[in-house]
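# Examining the three-dimensional arrangement
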Amino acid sequence: MLRVDVTKRLKHFDLELEFSCAPGTLTAIVGPSGAGKTTLVRLLAGLEKPDTGCITFGKNVWADAAARIFVPARKRGLSLVFQDYTLFPHLSIRKNVAFAAPNPDRVDELMEMFGIRHLASSKPASISGGERQRAAFCQAIAREPVLLLLDEPFSALDVANRRNLRSRLKDLKSDLNIPILHVTHDLDEAVFLGDTVLAVEQGSLSSDWLHKQYEQNNDVAHDGSDYRTVLAGNWVMDQ
Ligand SMILES: Nc1ncnc2c1ncn2[C@@H]1O[C@H](COP(=O)(O)OP(=O)(O)OP(=O)(O)O)[C@@H](O)[C@H]1O
């Protein structure tokens, strides 16, 4: 279980967040631009230190401001996928995916699942953006991380690639059995993928923003699900 209870002073407001994510579940983080979503990802990834509070993963303390404990990114055993794919340009796609992967069989299985097995010997520069992002996903998962952090991983993709990757992620979610944190601007995507949807506004959890979005979206999400159902359930954590 990932537990987060931190504050961090930002330029215009304080980030103050408290929540937890269980293994096998996906927590979608939504909210307006500049709300602090990427800062949260950077705190979890070990790229920034909280000013106060703790981040723990199971029995491991990753950050504790009072005790001056801070475990750096490379020692947290997590994977991070951004909007911009993070592949080594000089390595083939298979070597990229296999980089830091403990189990070679899993590499081939994941490449098959993400539809990039035929690109095994290609270099990143010679394949499409969507294929590169699929390879970046495979690489992130093949490392067998304890936590998967996704920061707008689909936002540079066209609709078809976006849908394809979304579905793969949904299929994999419970199999991976790790907490997944997914930052997105797309509320439909958050509702489609998320077991929990957290809205962050000005650094704090707030369901107000989500309610406003729901009203503007005319009650019904594009996939047919009703935001009202989502908002009435346990999906949204109210502060
Ligand atoms: N290290 C920092 N120190 C002080 N302020 C920061 C720091 N990093 C980001 N900020 C500020 O904190 C706010 C939140 O930024 P952040 O990138 O986390 O938002 P976001 O929700 O991810 O936005 P977007 O959806 O546009 O990517 C912004 O006003 C930003 O200028």
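The residue numbering used here restarts from 1 in each chain and proceeds along that chain's sequence as written. Under the rules for a predicted model, residues below a pLDDT of 70 receive no local features and side-chain atom pairs below 80 are neither given nor counted, while totals for whole chains, interfaces and linings still include all residues. Hydrogens and waters are ignored; side-chain quantities use all the structure's heavy atoms.

## Observations concerning the site of the ligand
By convention in these notes, a residue is near a molecule or strand provided one of its non-hydrogen atoms lies within 4 Å of it. Close to the ligand lie Leu-10, Lys-11, Pro-32, Ser-33, Gly-34, Ala-35, Gly-36, Lys-37, Thr-38, Thr-39, Glu-48 and His-185, which account for all nearby residues. Residue Lys-37 places a side-chain N or O atom 2.8 Å away from an oxygen atom belonging to the ligand. Backbone polar atom of Thr-38 to an oxygen atom of the ligand: 2.8 Å apart, as the coordinates give it. In isolation the ligand exposes 640 Å². Once the protein is present, 65% of that is buried. Gly is put with the polar residues, along with every residue not named as nonpolar or charged; the nonpolar set is Ala, Val, Leu, Ile, Met, Phe, Trp, Tyr, Cys and Pro, and the charged set is Asp, Glu, Lys and Arg. The residue makeup of the shell around the ligand, split by class, is 3 nonpolar, 6 polar and 3 charged. The definition of a polar contact used here is a pair of N or O atoms within 3.5 Å, where within protein one atom must be able to donate a hydrogen and the other to accept one, and adjacent residues in sequence count solely through side-chain atom pairs. Each accessible area is a Shrake-Rupley result for a 1.4 Å probe, and residues are judged covered by the shown protein chains and nothing else.

## Quick notes on the pattern of salt bridges
By salt bridge we mean one thing: a side-chain nitrogen of Lys or Arg within 4 Å of a carboxyl oxygen of Asp or Glu. Considering all chains together, one arrives at 12 salt bridges under this definition. Glu-48 is paired through a salt bridge with Arg-42; the nearest N and O atoms lie 2.9 Å apart. Judged by relative accessible area, which is 32%, Arg-42 ranks as partly exposed. Across the pair Asp-186 and Arg-166 runs a salt bridge whose closest N-O atoms are separated by 3.2 Å. Taken together, the residues Asp-186 in the loop between strand S9 (180–183) and helix H6 (187–193) and Arg-166 in helix H5 (residues 159–176) connect sequence positions 20 residues apart. For the residue pair Asp-186 and Arg-166, the accessibility class agrees, reading buried in each case. One salt-bridge network, held together by shared partners, links Arg-162, Arg-166, Asp-186 and Glu-189. Burial classes: relative accessible area under 20% of the type maximum marks a residue as buried, over 50% as exposed, and values in between as partly exposed (1.4 Å probe, protein chains only). Counting from the N terminus, the helices are the DSSP runs of H or I reaching at least four residues and the strands are the DSSP runs of E reaching at least two.

## Describing the confidence of the model for the protein
In the predicted model, the protein carries a mean pLDDT of 88, and the fraction of residues at 70 or more is 90%. pLDDT is a residue-level measure of predictor confidence that goes from 0 to 100. The contact rule is simple, with two residues in contact once any of their heavy atoms fall within 4.5 Å. Long-range and interchain partners of residues 231–239, a stretch whose pLDDT sits below 50, account for 21 contacts in this model, where long-range means more than four residues apart.

## Looking at the packing of aromatic side chains
Only Phe, Tyr and Trp rings take part, Trp by its six-membered ring, and two of them pair if their centres are within 6.5 Å. Stacked means planes under 30 degrees apart, edge-to-face means over 60, and tilted covers everything else. For the coordinates displayed, the defined rule picks out 4 aromatic pairs. An angle of 20° between the planes, with centres 5.6 Å apart, marks the rings of Phe-137 and Phe-154 as stacked. Residue Phe-137 is found in helix H4 (residues 129–142), and its partner Phe-154 is found in the loop between strand S8 (148–151) and H5; the two are separated by 17 residues along the sequence. Of the two residues examined, Phe-137 and Phe-154, each falls in the buried class. Each member of the aromatic cluster is reached from another via a ring pair, and the members are Phe-114, Phe-137 and Phe-154. Here, over-ring charges are defined by two tests on the NZ atom of lysine or the CZ atom of arginine: distance to the ring centre within 6 Å, and angle to the ring normal within 35 degrees. Here the guanidinium or amino end of Lys-170 rests over the ring plane of Phe-192, the centre of that ring lying 4.2 Å away.

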